[in-house]
Amino acid sequence: MRTLKTLTVTILAAACLALPAGWAANKQTAKPKPYPLTTCVVSGQKLGGMGAPYVFTHGNREIKLCCKGCLKAFQKDPAKYLKKIEEAEAQAQKAPKAK
Ligand SMILES: [Zn+2]
């Protein structure tokens, strides 16, 4: 019966991996929180206005900047920009999305 047990464990492990992202949201390995703004948090430029936005992950959060040049400014004072992002996120959760 050892084989059957191993098989069961394998299936359970596979089921865990296949669980929806929402269920795993609290885990360390969860997907980063989406970026709530449509503008660059550093420059205020509309994302995509200068070509593809620069996207990266900071902690558990996805950050989008209008260009890679803004990354330097972000890294200088990430707390300041994260605060802006969190404020925007709180706003977005209060009001239903306009789009
Ligand atoms: Zn920029």
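Look above for the structure.
It should be emphasised that the depicted structure is a prediction, and the values quoted were computed from it without experimental measurement. (Residues numbered from 1 in each chain as written. Predicted model: local features only at pLDDT ≥ 70, side-chain atom pairs only at ≥ 80, totals over all residues. Heavy atoms only, no water.)

Novice: Would you explain the environment of Gln75 in this entry?
Specialist: Tracing the backbone through its elements, the reader meets Gln75 in helix α2 (residues 69-76). The class for Gln75 is exposed, based on a relative accessible area of 53%. (Helix = DSSP H or I, 4+ residues; strand = E, 2+ residues; numbered from the N terminus. Buried < 20%, exposed > 50% of the residue type's maximum accessible area, 1.4 Å probe, protein only.)

Novice: What should I look at first to understand the coordination of the zinc ion in this one?
Specialist: Under perfect tetrahedral coordination by four donors, a metal shows angles of 109.5 degrees; under perfect octahedral coordination by six donors, it shows angles of 90 or 180 degrees. Only Cys66 (SG), Cys67 (SG) and Cys70 (SG) from the protein coordinate the zinc ion, and they sit 2.1 to 2.4 Å from it. Sequence spacing of the donors to the zinc ion: C-C-x2-C. Residue Cys70 is classed as buried on the basis of its relative accessible area, which comes to 9%. (Donors = N, O, S within 2.8 Å, 3.2 Å for Na, K, Ca; no water.)

Novice: Can you help me understand the side chain of Glu89 in this one?
Specialist: In this structure, Glu89 sits in helix α3 (residues 78-94). Under the relative-accessibility criterion, Glu89 is labelled buried at 15%. Of the polar contacts made by the side chain of Glu89, one reaches the side chain of Arg61; its length is 3.2 Å. The contacts of Glu89, once residues within four sequence positions are left out, are Lys33, Pro34, Pro36 and Arg61. (Polar contact = N/O pair within 3.5 Å; in protein donor to acceptor, adjacent residues only side chain to side chain. Contact = heavy atoms within 4.5 Å.)

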